[in-house]
Amino acid sequence: MEQLIQQLINGVSLGSIYALIALGYTMVYGIINLINFAHGEIYMMGAYIGFALTTFLGLGFAPSLILSMIGCSILGMVIEKVAYKPIRNSSRISALITAISVSLFLQYTMMYFVSPQTRTFPEVLKRKSISLLNGKIIIDQKNIYIVAITVLLMLLLQYVVKKTKLGKAMRAVAQDKEAAELMGVDVNKIISFTFAIGSALAGAAGVLVGIYYNTINPLMGATPGLKAFVAAVFGGIGIIPGAVLGGFSLGMIETVVSAYGGSVFKDAVAFAILILILLIKPNGLLGKTVKEKV
Amino acid sequence: MKKNIIIIISLLIAYLSGQYLINTGIIDSYLQLNIFLIGINIILAVSLNLITGFTGQFSLGHAAFMSIGAYTSAILTAKMGLPFIVALIASGIVSAIAGVLIGIPTLRLKGDYLAIATLGFGEIVRILALNTDYIGGAIGFNDIPQYTNWTYVFIMTVVTVLVIRYFLNSFHGRACIAIREDEIAAEAMGVNLTLYKVFAFAIGAFFAGIAGSLYANYFYFIKPDSFGFMKSVDIVVTVVFGGMGSILGSIVGAIALSVISLFLQNIPELRMVIYSIILFLVMVYRPTGLVGKKDKEGKYFKGLRKEDFQHVSAKGN
Amino acid sequence: MSVLKVTNLTKNFGGIKAVTDVNLNIEMGEIIGLIGPNGAGKTTLFNLLTGIYVPTSGQIEYNLNTKVKTKDLKPHKMVHYGVSRTFQNIRLFKDMSVLDNVLLGFHSLLFKRSISRKDSFDEAYELLKKFNLLNKKDELAKNLPYGDQRRLEIARALASKPMILLLDEPAAGMNPKETKELKDLIFWIRNEYHLTIILIEHDMSLVMNICERIFVFDYGNLVASGTPKEIQNNKRVITAYLGEEAV
């Protein structure tokens, strides 16, 4: 029982990371119907920016986090302008391949410049454990930080999307680009803005994962990127609370599967869940059914 | 009839001159390896094109079928000592069965969702292979007898192209293309969507399995990571690069990409960077591929339109 | 002899009643018109008749070569039963040639092996000739002018040798000259192929001219039925179309 609780606590931390990445996926998919395969690489870039800031400039946790979020949001906007804008009206398959090409480009350009070796992230947060139930359950300070920051960012996002004019414009563009444009919304600006926010969240996830697991490498974005996408589909792609739900569920399922001897199969379990969800409820747990007009 | 004779004669000449050049050593083993890889890639691309380019079903898991074929062949030849021709055909059949089993549930999905489901399937196959000790797990499967030769590669490539071409020219193939164009209209004209989608998927998987078998019995050694997501992407890229819905395109695409990667081997550290840039430029400037037909709207590939992403079947709730 | 009998047919989408308690009886060889304002449930009825939607309640019964019950209705089986249709927003196979579009109409017959490959080509040419499309047989369907696309869709539907032909707004987007030609074409089709034709149409001149019986829909209800003359003088129809004040 204690072990299960301990694993669930770890799962929540891992789930936070997935949720943060999944949010960017879901927002971009919601607005331009593109599976942004390069999103995992933005997360990787976030980790590297955080690494550079803490290691070489000796910055603390908070400034590194914020600067790396800013860095990633700029990167996200540049990627959108350079790579995705020209193919906005292309077929889905060329859009998807373009996204894959951007993903490969970032992975291997980074490999070229920072070498493929794994780096150790400095300990910017002191280890400080809190014991519960006579030390049977241990919560590290890091877990609390990760979850707290994730929740904070999500509340902030929720506020931006629901309460601000920009958020309203985003929702309008997601529903109907042409109509939004006719109503005077600058669609290009809104798409840029969506990439900026999504990428900033991925950047935050990158820094947090660096702090949590201590190691980073240029290919670190590939698998979490795919899994975050699984999380987004799990909750219902295009739906912001869905990504959060999906992220946390996936994180917890994974740690529990690992804890009970299935660690080598944990990725397979994630994908099996994906396929099951797609078959049973293709619009995700929180999604609504859409009908094709005949 | 006359055309057929010309085709048969030119194929024969191509085969015999290839065999001659290999026997005399003018084609050295390095060149031979690349020619074999081109053949295998043609089989993979043409078979995926049937699924994606002609039937309009976007698959990101084609390498998984190659993997199933490769391991089947490895087990049958290395562990059971069966003749290669048996292993080759069995690889195709086992992959095709896997294709049917995967296809029946997943082909209800459309567009991106199908792509993601097939991607997930591919990853599951890879992870299962990684954790199965019988086939070597993560270390890989060693000591597979090298049976693949020019004759096998040549014949299987030609057979793949001809069978898929023949299929596409039949009314069954026409039904597949109609599914790509408009599922609802195709259904109203009597096309059984599930049957044809699964059928196309099974044929595609069959030939991918054959390609896997040729691959395994050429390289002595296979490992699960050779057939991962990136390999599936490679095959999709070959198809799109050559031209969706064009068999000639897939052949040209497979040759062109193999030649490009041959050149890029001299600069290993920048290989993938340049590859990704080429990919990007092709998608932006020539999204219809090298041989694809041009279209006013720049959307030659009609299989994946916006409407298709209302992925829930139109049937009543 | 009755070929189609619809009893108490209802279709709800969530809370919306698209078709409510509709009863129809259609005789062999009739030309039937379905009219009504947009959103009245006409296309939904077509989709119910062709198995695309499953009824919420009620029965659909075809009396063709065999008896076909509600539960047998599946979109891909309709042409096999002898029911073929066109679509409101033309659904051609756009990147296929005109000839291939018509050839696809023979799919069900080829599948059953009740026609040879060669005969399917011969008959496709024959159909294209009758529809004045033979000289365009190699063009892609999407490159045809609008009127040709509408006619090609009808030709494709006829290729399956239906006994009942459902036409969803065949004259939509056509100019008066094309509409007139279409009218002649529909008459000709009925006489040549001995078909029962059910058509949805907003062009009243066309409907009143060619239909023998008309069913009027409004808000999912069948509000009136009768000969064109009866319909023209029906109060409820005038209300449905012109609003209360006009009466």
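The numbers attached to residues start from 1 for each chain and follow its sequence in the written order. Key to labels: chains lettered from A, ligands numbered from 1, both in the order written. Local features are withheld for residues below a pLDDT of 70 in this predicted model, meaning they are given only at 70 or higher, and side-chain atom pairs are given and counted only at 80 or more; totals for whole chains, interfaces and linings count all residues. The side-chain values count all of the structure's non-hydrogen atoms but skip hydrogen atoms and water molecules.

- Chain C is annotated in an unreviewed UniProt entry as ABC transporter ATP-binding protein from Paratissierella segnis.

- In the nomenclature of an unreviewed UniProt entry, chain B corresponds to Branched-chain amino acid ABC transporter permease from the organism Paratissierella segnis.
- If you open the UniProt record of chain B and go to Subcellular location (unreviewed entry), you find "Cell membrane". UniProt positions are given in the numbering used here, feature names are shortened, and annotations may be inferred rather than shown by experiment.

## Describing the overall build of chain C
Step number 1: Only DSSP runs of H or I reaching four residues or more are called helices, and only runs of E reaching two or more are called strands; each is numbered from the N terminus. Within chain C, the secondary structure is distributed over 10 helices and 10 strands.
Step number 2: Taking 247 residues into account, the globule formula puts the C-alpha radius of gyration at 18 Å, and chain C, at 18 Å, falls close to it.
Step number 3: With the C-alpha coordinates of chain C rotated into their principal frame, the extents come out at 55 × 40 × 35 Å.
Step number 4: Whether a residue is buried, partly exposed or exposed follows from its accessible area with a 1.4 Å probe, protein chains only, as a fraction of its type maximum: under 20%, in between, or over 50%, in that order. Evaluated residue by residue, chain C yields a buried proportion of 55% over its 247 residues.
Step number 5: Summarising the internal contacts of chain C: among those between residues at least 6 apart in sequence, 66% fall at separations of at least 24.
Step number 6: Of the accessible surface of chain C, which amounts to about 10,600 Å², a share of 51% is contributed by carbon and sulfur atoms.
Step number 7: Side-chain charges of chain C comprise 33 positive and 28 negative groups, with the mean position of each set lying 5 Å from the other. For this measure, only C-alpha atoms enter the radius of gyration; the expected value for a globule follows 2.2 Å times N^0.38, where N is the number of residues. Throughout, a contact is declared for two residues whenever any of their heavy atoms are within 4.5 Å. Methods summary: accessible areas were calculated by the Shrake-Rupley approach with a probe of 1.4 Å, and residue burial reflects only the protein chains presented. Positive: Lys, Arg. Negative: Asp, Glu. His and the chain ends are not part of the count. By convention, charge coordinates are those of NZ in Lys, CZ in Arg, CG in Asp, or CD in Glu.

## Here's the deal with the pairing of strand β8 (residues 196-200) of chain C
Residue and element names in this part refer to chain C.
Step number 1: Within β8, 5 of the 5 residues are buried, leaving the element largely enclosed by the surrounding structure.
Step number 2: Both faces of β8 are covered, namely the face carrying Thr 196, Ile 198 and Ile 200 and the face carrying Ile 197 and Leu 199.
Step number 3: In the sheet, strand β3 (residues 31-35) pairs with β8 via 4 bridges, with the strands oriented parallel. From the neighbouring strand, Ile 32 faces β8, where its bridge partner is Ile 198.
Step number 4: For the segment spanning strand β7 (residues 164-168), helix α7 (residues 176-193) and β8, crossover handedness is right-handed. Strand pairing requires that DSSP identify at least two bridges connecting the strands. By definition, the crossover connecting two strands over a helix is right-handed if that path, from the first strand to the second, turns clockwise as seen with the strands pointing away from the viewer.

## As for the packing of helix α11 (residues 266-280) of chain A against helix α5 (residues 111-130) of chain B
Step number 1: To get an axis, a line is fitted to the C-alpha atoms, and for a helix only the part in contact is used. The angle between two axes follows their N-to-C directions and goes from 0 to 180 degrees. At a minimum axis distance of 9 Å, the contact between α11 of chain A and α5 of chain B shows a crossing angle of 150°. Relative to α5 of chain B, the element α11 of chain A is oriented roughly antiparallel. In the crossing of α11 of chain A with α5 of chain B, the sense of the turn from one axis to the other is left-handed. Across from Asp 267, Ala 268, Phe 271, Ala 272, Leu 274, Ile 275 and Leu 278 of chain A in α11 of chain A, the residues of α5 of chain B making contact are Tyr 113, Ile 116, Ala 117, Leu 119, Gly 120, Phe 121, Glu 123, Ile 124 and Ile 127 of chain B. Put simply, angles under 35 degrees are roughly parallel, angles over 145 are roughly antiparallel, angles from 65 to 115 are roughly perpendicular, and the rest are oblique. Each crossing is labelled by how the near helix is turned from the far one, with a counterclockwise turn of less than a right angle marking it left-handed and a clockwise turn marking it right-handed.

## A few points about the domain arrangement of chain C
Residue and element names in this part refer to chain C.
Step number 1: All domain edges in this entry derive from an automatic or database-based domain assignment. As far as domains go, chain C holds domain 1 (2-82 + 162-246) and domain 2 (91-160).
Step number 2: Throughout, buried area stands for the accessible area (probe radius 1.4 Å) lost by two parts on being put together, summed over both. Both faces combined, the contact of domain 1 with domain 2 buries some 1,300 Å², and carbon together with sulfur accounts for 70% of it.
Step number 3: Contact with domain 2 buries surface across domain 1, with Val 79, Pro 162 and Leu 185 losing the most and accounting together for 29% of the total.
Step number 4: Salt bridges are identified by distance alone: a Lys or Arg side-chain nitrogen within 4 Å of an Asp or Glu carboxyl oxygen. The interface formed by domain 1 and domain 2 contains 1 salt bridge.
Step number 5: Salt-bridge contacts for Lys 130 lead to Glu 192; the nearest nitrogen and oxygen are separated by 3.7 Å.
Step number 6: Pairs of N or O atoms within 3.5 Å make up the polar contacts considered here, provided that, within protein, one atom can donate a hydrogen while the other can accept it, and that residues adjacent in sequence are counted only when both atoms are side-chain atoms. Taken together, the links from domain 1 to domain 2 amount to 4 residue pairs in polar contact (both at pLDDT 80 or more).
Step number 7: Those elements that place two or more of their residues in the side of domain 1 that touches domain 2 are α2 (78-81), β7 and α7.
Step number 8: A per-element tally of the side of domain 1 that touches domain 2 places α7 first, with 7 residues.
Step number 9: Here the residues of the side of domain 1 that touches domain 2 are counted per class, giving 13 nonpolar, 2 polar and 4 charged. Basically, the charged four are Asp, Glu, Lys and Arg, the nonpolar ten are Ala, Val, Leu, Ile, Met, Phe, Trp, Tyr, Cys and Pro, and anything else, Gly included, counts as polar.

## Examining the pairing of β3 of chain C
All names here are of chain C.
Step number 1: Along β3, 5 of the 5 residues are buried, which leaves the element largely enclosed by surrounding structure.
Step number 2: Here β3 shows no split at all, with Ile 31, Gly 33 and Ile 35 on one side and Ile 32 and Leu 34 on the other all buried.
Step number 3: Sheet topology note: the β3/strand β9 (residues 213-218) ladder contains 4 bridges and is parallel. Paired with Ile 35 across the two strands is Val 216, which belongs to β9.

## Thoughts on the interface of chain A and chain B
Step number 1: Facing the 43 residues of chain A at the interface are 53 residues of chain B.
Step number 2: Summed over both sides, the interface of chain A with chain B buries roughly 4,400 Å², with 77% coming from carbon and sulfur.
Step number 3: Where chain A touches chain B, the interface holds 1 salt bridge.
Step number 4: At the junction of chain A with chain B, the criterion picks out 3 residue pairs in polar contact (both at pLDDT 80 or more).

## Some thoughts on the packing of helix α1 (residues 2-32) of chain A against helix α5 (residues 141-163) of chain A
All names here are of chain A.
Step number 1: In contact at an axis separation of 9 Å, α1 and α5 are set at 30° when each is read in the N-to-C sense. For the element pair α1 / α5, the angle class is roughly parallel. The hand of the α1/α5 crossing is left-handed. Residues Ile 9, Asn 10, Val 12, Ser 13, Ser 16, Ile 17, Ala 19, Leu 20, Leu 23 and Met 27 of α1 pack against Asn 143, Ile 146, Val 147, Thr 150, Leu 153, Met 154 and Leu 157 of α5.
Step number 2: Residue classes in the contact of α1 with α5 are distributed as 12 nonpolar, 5 polar and no charged.

## Some points on a nonpolar patch on the surface
Residues and elements named next belong to chain B.
Step number 1: A patch consists of residues exposed above 30% relative accessible area that lack any salt bridge, with like charges linked at up to 9 Å and nonpolar side chains (Val, Leu, Ile, Met, Phe, Trp, Tyr) linked at up to 5 Å. Together, Met 80, Leu 82, Ile 85, Val 86, Ile 89, Ile 93, Ile 97, Leu 101 and Tyr 134 make up a nonpolar patch on the protein surface, roughly 820 Å² of accessible area in all.
Step number 2: By the secondary structure assignment, Leu 101 is in helix α4 (residues 84-106).
Step number 3: On the basis of relative accessible area, Leu 101 is assigned to the exposed category, the value being 58%.

## Quick notes on the sheet that holds β7 of chain C
All names here are of chain C.
Step number 1: Judged by pairing direction, the sheet is mixed, and its 6 strands sit side by side in the order β6-β7-β8-β3-β9-β10 without closing on themselves. With one partner strand each, in any of the chains shown, β6 (83-85) and β10 (221-226) form the two edges of the open sheet. Pairwise comparison of adjacent strand axes, ignoring direction, gives a mean angle of 20° for this sheet.
Step number 2: Where β7 lies against β8, 5 bridges are found, and the strand directions are parallel. Each bridged residue has a counterpart across the sheet, and for Leu 165 the counterpart in β8 is Ile 197.

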